[in-house]
Number of protein chains: 2
Amino acid sequence: MVEKDIRRRTIHDVAQAAGVSISTASNALNGTGRTNAETRERVKRVAKEIGFRPNTLARGLLSKRSHAIGMLTNDTYGRLTLPMAAGVSEVLVDHGLSVFLCATNNDPRLARLHLEALLDRQVDGIIFTATRLDLKPPAELAKLAIPVVYAFAEGPPENISFFPDDAQGARLAVEHMKGLGRSRILHITGPEDYLAVRIRAKAYRESFGKDAEVLYGDWSEEWGHEAIDTVFSRPGEKPDAIFCGNDEIARGVIDALRDIDIAVPKDVAVVGFDNWEVISRQTRPPLTTVDMELKEIGRRAGLAILSLTKGETVPTGITRLSCRLVVRQSCGGQAG
Amino acid sequence: MVEKDIRRRTIHDVAQAAGVSISTASNALNGTGRTNAETRERVKRVAKEIGFRPNTLARGLLSKRSHAIGMLTNDTYGRLTLPMAAGVSEVLVDHGLSVFLCATNNDPRLARLHLEALLDRQVDGIIFTATRLDLKPPAELAKLAIPVVYAFAEGPPENISFFPDDAQGARLAVEHMKGLGRSRILHITGPEDYLAVRIRAKAYRESFGKDAEVLYGDWSEEWGHEAIDTVFSRPGEKPDAIFCGNDEIARGVIDALRDIDIAVPKDVAVVGFDNWEVISRQTRPPLTTVDMELKEIGRRAGLAILSLTKGETVPTGITRLSCRLVVRQSCGGQAG
DNA sequence: TCGTGATGATAAAAGGTTTTATCAGATTCC
DNA sequence: GGAATCTGATAAAACCTTTTATCATCACGA
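Worth saying up front: this structure is predicted, and the values here are computed from it rather than measured.

A. Seen up close, the pattern of salt bridges. Here the structure, examined in full by the defined rule, presents 51 salt bridges over all chains. Ionic pairing is found between R8 of chain A and D120 of chain B, a salt bridge with its closest N-O pair at 3.0 Å. A residue pair is termed interchain when its members come from two chains, as with R8 of chain A in the segment before α1 (11-18) and D120 of chain B in helix α6 (residues 108-120). Comparing R8 of chain A with D120 of chain B shows no difference in burial state: the two are buried.

B. Molecular detail of the protein's contact with DNA strand D. Around DNA strand D sit 26 residues in total, of which S21, T24, R34 and K64 of chain A together with I11 of chain B are the nearest. Among all atoms of DNA strand D positioned within 4 Å of the protein, those belonging to sugar or phosphate total 55%. Residue assignment for the surface near DNA strand D shows that the elements contributing at least two residues are α2 (22-30) and α4 (56-63) of chain A together with α2 (22-30) and α4 (56-63) of chain B. The biggest single contributor to the surface near DNA strand D is α2 of chain B, with 5 residues. Across the surface near DNA strand D, the residue classes break down as 9 nonpolar, 13 polar and 4 charged.

C. Representation of the protein's contact with DNA strand C within the structure. By nearness alone, 26 residues border DNA strand C, and I11 of chain A together with S21, T24, R34 and N36 of chain B come closest of all. Here DNA strand C approaches the protein such that, of its atoms within 4 Å, sugar and phosphate make up 55%. Between DNA strand C and N30 of chain A there is a distance of 3.3 Å, counted from a phosphate oxygen to a side-chain nitrogen or oxygen. A distance of 3.1 Å separates a phosphate oxygen of DNA strand C from a polar atom in the side chain of K64 of chain B. Mapped by element, the contributors of at least two residues to the surface near DNA strand C are α2 and α4 of chain A together with α2 and α4 of chain B. With 5 residues, α2 of chain A is the largest single contributor of residues to the surface near DNA strand C. When its residues are assigned to classes, the surface near DNA strand C shows 10 nonpolar, 12 polar and 4 charged.

D. Molecular detail of the domain arrangement of chain A. Each domain of chain A was delimited in the assignment, giving domain 1 (11-54), domain 2 (64-164 + 294-322) and domain 3 (166-292 + 325-335). Centre-to-centre separation of domain 1 of chain A and domain 2 of chain A, based on C-alpha positions: 36 Å.

E. Region of the structure containing the environment of G217 of chain B. Residue and element names in this part refer to chain B. Relative to the helices and strands, G217 resides in the loop between β7 (214-216) and α9 (221-233). A relative accessible area of 22% means that G217 is categorised as partly exposed. Separated by 85 residues in sequence, G217 and G302 have C-alpha atoms that sit 34 Å apart.

F. Representation of the relation of the copies chain B and chain A within the structure. Superposing chain B onto chain A requires a rotation of 180 degrees together with a translation of 0.0 Å along the rotation axis, leaving an RMSD of 0.2 Å. Viewed as a symmetry operation, the transformation between the two copies matches a two-fold axis. Closest to the rotation axis within chain B is the C-alpha of F100 of chain B, separated from it by 2.3 Å. Comparing interface residues between copies, 99% of those in chain B also sit at the interface in chain A, which points to an isologous, same-surface contact.

G. Local environment of unusual backbone geometry. Along the chain, R284 of chain A connects to P285 of chain A via a cis peptide bond; the corresponding omega equals -5 degrees. Its place among the elements puts P285 of chain A in the loop between α11 (277-280) and β10 (288-291). For the peptide bond that leads from V264 of chain B to P265 of chain B, omega is 5 degrees, which places it in the cis range. Relative to the helices and strands, P265 of chain B resides in the loop between α10 (247-259) and β9 (269-273). A positive phi angle, close to 50 degrees, is found at N275 of chain A, a residue other than glycine. Its identity is not glycine, yet D261 of chain B carries a phi of approximately 60 degrees, on the positive side. By secondary structure assignment, the location of D261 of chain B is in the loop between α10 and β9.

How each quantity is defined
- Residues numbered from 1 in each chain as written.
- Chains lettered and ligands numbered in written order.
- Predicted model: local features only at pLDDT ≥ 70, side-chain atom pairs only at ≥ 80, totals over all residues.
- Heavy atoms only, no water.
- Salt bridge = Lys/Arg side-chain N within 4 Å of Asp/Glu carboxyl O.
- Helix = DSSP H or I, 4+ residues; strand = E, 2+ residues; numbered from the N terminus.
- Buried < 20%, exposed > 50% of the residue type's maximum accessible area, 1.4 Å probe, protein only.
- Near = heavy atom within 4 Å.
- Nonpolar A, V, L, I, M, F, W, Y, C, P; charged D, E, K, R; others polar.
- Polar contact = N/O pair within 3.5 Å; in protein donor to acceptor, adjacent residues only side chain to side chain.
- Domains from an automatic or database assignment.
- Least-squares fit on C-alpha atoms with pLDDT ≥ 70 in both.
- Contact = heavy atoms within 4.5 Å.

Right under this line is the structure:
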């Protein structure tokens, strides 16, 4: 660790201390060129002793690889971005790559500014992330000379992107309820113009089959309330299970059901989507929900960038990563 | 913007295109040395035409300033970190500084790894952030040769840190309720071993005076429920206002009050703390709460680092930034 | 006409590392 | 024994900027 007022040690210092030339020192440390085993060991030992750590700037200048990548996000709130960023940096730190985080706040000017700064820094690649799937990434991204990976965001055709497997997640939820003997499953979800909403709804229909019914609204608890009020005040058979488009809606649903004295999970089972723990842990009863494994998405995006920067080819197209069902108590069954 | 397969333009290209030497080009672009006004303009024009952007690595190598800073956080969830990071980068991007985000996940090994990577990159400064105020930052930080600023985290003595003004925030809440005619205000809050909890409780006591009562618990909704059940089932006078330690507790409180048919805000006013919008916007009625202005904290931390890297001196010690009361409907009054 | 100063441009060094080409010395082969 | 081969090490170039020191050129005053 570098202490106050002590100049950083350079490879020059190592060479001098080991009584060897700069190039030999470099070769010894990196295992390149031809070096005598004995000198190699000596150089390495000396380097460790005096606490030499190579200057990444100088190294990057020559190799044209900065060993850093940029992460461009429009998420101000952090619910989606930070878990992904953690996954990205977790996977990259061991390979000596660091991550620049750039919050664009949905402002194109800011996005451009950050992008230029990243390029000036010679980043090895860029990961673009959006909170709304349908927000288009800046068009410049498609033309860059460096690899770009999209996480939770749709890139231009022929690019590499990672998404949660919304369809599989939805099936997970529906199958879980069916497995617990529920036969009248309703789907209350967000706005139909979200791609993810349409995918989940389609999977729900296919998995549940007959009598499928989807209610589109917005992402709020309020909409959950409203939907329940509507459904339970109209004539006809009532659902015995509800698959919600996200945890906020699920929370509204559970609260509304309690208000009209319908027991969860006894009378109606509820499943959410997101596993946003502030919500899903705090509903009464705690919510069984689908986790999108954001950290894993980040990890995979990081690995993809890593391969690309090494010049390896990565298959293009959308990769959808499995969701996981987190069983709590809103459906009864094993954990109920 | 750099297109595929096109080598980046260097200052060498600019010099050649402008028919001038490299040093003149540099001088003209940076306004250093002596240059004829006419040549200066020409060089600048040419540079813009061919899309020259200086290589930050090369620049940093010489100046020993990388124009990048590191942000070290132990927050995996992102609720606190990302707003701060957004503030930091917002303030720095205009000065050409970028931000490395390093999530340490509370793992000392990882923290060390990231720290070393940051130093190898010659970062100009480091911002350390913690979610729990009492988590100690790595000891190595205190010995670094580069400036360190603590945001939402307590550094070693004689260092620079930024916090929300918890006392002022608490007073804001209490005074608001008093101003609306409430006279029996109760404080339901988190664990007493959090410093922020003690500060807020103290300010509440001082501001409210007589009959102050603080109930310590944890940060959950459940605790809010439990506290209400206790208070309203015991004999004696009941509160007409409740100041909660965070929004989750407030939500539990509001739900519990509804369960026992006590009207909010008519019978009891409720104020939260955090302005965590997933919660505060969704309670019924929407929650009046104290916003800690995390983005502003980030901004200030960024500015402090900026000054320090320029060699300016910044007063050491803890700076507490004002909180803001967000008035919604859980207290009645103007917005009720 | 010759120094003096000012002006504007340039060559060269510096920053820390990697890499290519070169070199000296030892070893092998005919 | 001399040429060829191999080994281990090194000098120097390269990456791209900024900065320092140097160098022409011209105008001016003596």
